[in-house]
Amino acid sequence: EQQVDYHIPAASRDNAGLRRWVRMCLANRIDSLQDDEQLVARVFRSAGAWVNQTVTQEKFFLVIDSFTPHEPWLAPESYRKLYDPDDDCDSNPIQPAYCKYEGIFTPRELRRIQANYAGYVTLFDRWFGSFLGWL
């Protein structure tokens, strides 16, 4: 429950639905994986492997669908720290409020969730760029 609290803004910790959502996300957490073990890395490596197997075909069509950077924004710490290097935040929100943030996020929590999102987008960009470079 301490981890659940840590990933929810202080003003929202009594929200039962949000608590269930965060608990589920943490049970399936991927932020602690190495960079090349992240789901987005596996998606683009698999796409590259498919193209490699199919490149000799006269025609082919490929659609790549990646859930990243969809919330929860469980960005690996190294990516989050690119945008918020400080460890002075009492929470690490991973889910947006989908409404005005006043009264939900403190200014510090807002900076942290923005960094989590930016870090997650950077993770995606790194692997998408890797795929494009290979292609």
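Please refer to the structure placed before this passage.
Residues numbered from 1 in each chain as written. Predicted model: local features only at pLDDT ≥ 70, side-chain atom pairs only at ≥ 80, totals over all residues. Heavy atoms only, no water.

Trainee: Just checking my understanding: could you explain the overall build of the protein chain for this structure?
Mentor: Check the secondary structure of the protein chain and you find five helices and zero strands. Shown N-terminal to C-terminal, the secondary structure of the protein chain runs as helices and strands in the order α-α-α-α-α. Taken along its principal axes, the extent of the C-alpha atoms in the protein chain is 55 × 30 × 25 Å. For the protein chain, the proportion of contacts with a sequence separation of at least 24, taken over those separated by at least 6, is 60%. Taken as a whole, the protein chain presents about 8,400 Å² of accessible surface, with 54% of it coming from carbon and sulfur. Positive and negative side-chain charges in the protein chain, numbering 15 and 19 respectively, have mean positions lying 2 Å apart. (Helix = DSSP H or I, 4+ residues; strand = E, 2+ residues; numbered from the N terminus. Contact = heavy atoms within 4.5 Å. Areas by Shrake-Rupley, 256 points an atom, 1.4 Å probe, with all protein chains shown as cover. Lys, Arg positive; Asp, Glu negative; His and termini not counted. Charge placed at Lys NZ, Arg CZ, Asp CG, Glu CD.)

Trainee: I'm lost on the nonpolar core in this one. Help?
Mentor: Nonpolar side chains in soluble globular proteins generally cluster together in the buried interior. Residues Val 40, Phe 44, Ile 113, Tyr 120, Leu 123, Trp 127 and Phe 131 are the most contacted members of the largest nonpolar core, which totals 16 residues. Only helix H3 (39–54) and helix H5 (107–134) provide two or more residues apiece to this core. Per-element tally for this core: the top contributor is H5, with seven residues. Once residues within four sequence positions are removed from consideration, Val 40 is found in contact with Ser 66, Thr 68, Leu 123, Phe 124 and Trp 127. Of all hydrophobic cores here, the second largest spans eight residues; its members include Val 4, Leu 18, Val 22 and Cys 25. (Core = buried A, V, L, I, M, F, W, Y, C linked by side-chain atoms within 4.5 Å. Buried < 20%, exposed > 50% of the residue type's maximum accessible area, 1.4 Å probe, protein only.)

Trainee: Got a minute to help me understand the pattern of salt bridges in this structure?
Mentor: Pairs can form between side chains of opposite charge whenever their charged atoms are close. Throughout the structure, instances matching the rule amount to 13 salt bridges. Its salt-bridge partner being Arg 23, residue Glu 1 comes within 3.0 Å of it at the nearest N-O pair. Separated by 22 residues along the polypeptide, Glu 1 in the segment before helix H1 (2–6) and Arg 23 in helix H2 (residues 16–27) bring together distant segments of the chain. Of the residues examined, Glu 1 reaches a relative accessible area of 53% and is grouped as exposed. For Arg 23, a relative accessible area of 35% puts it in the partly exposed group. Among the ionic pairs, Arg 126 bridges to Asp 35, the shortest N-O distance being 2.9 Å. (Salt bridge = Lys/Arg side-chain N within 4 Å of Asp/Glu carboxyl O.)

Trainee: Help me understand the packing of H3 against H5, please; the structure alone is not making it clear to me.
Mentor: Angle between the axes and distance between the axes: these two values describe a pair of packed helices. As a packed pair, H3 and H5 sit with axes 9 Å apart at the nearest point and diverge in direction by 10 degrees. In this view, H3 runs roughly parallel relative to H5, as classed from their interaxial angle. Residue-level contacts link Val 40, Ala 41, Phe 44, Arg 45, Ala 47, Gly 48, Val 51 and Asn 52 of H3 to Leu 123, Phe 124, Trp 127, Phe 128, Phe 131 and Trp 134 of H5. (Axes fitted to C-alpha atoms, helices over the stretch in contact; angles between N-to-C directions. Parallel < 35°, antiparallel > 145°, perpendicular 65-115°, else oblique.)

Trainee: I'm lost on the side chain of Ser 91 in this one. Help?
Mentor: Relative to the assigned elements, Ser 91 resides in the loop between helix H4 (77–80) and H5. A distance of 3.0 Å separates the side chain of Ser 91 from the side chain of Glu 109, its partner in a polar contact. Other than its neighbours up to four places away in sequence, Ser 91 contacts Tyr 6, Ile 8, Pro 9, Arg 13, Glu 109 and Arg 112. (Polar contact = N/O pair within 3.5 Å; in protein donor to acceptor, adjacent residues only side chain to side chain.)

Trainee: Honestly, a nonpolar patch on the surface in this entry has me stumped. Any pointers?
Mentor: There is a patch of nonpolar side chains on the surface, built from Trp 50, Phe 60, Leu 62 and Ile 64 and spanning about 310 Å² of accessible area. When you line up the elements, Ile 64 lands in the loop between H3 and H4. Of the residues examined, Ile 64 reaches a relative accessible area of 31% and is grouped as partly exposed. (Patch = residues over 30% accessible without salt bridge, like charges linked within 9 Å, V, L, I, M, F, W, Y side chains within 5 Å.)

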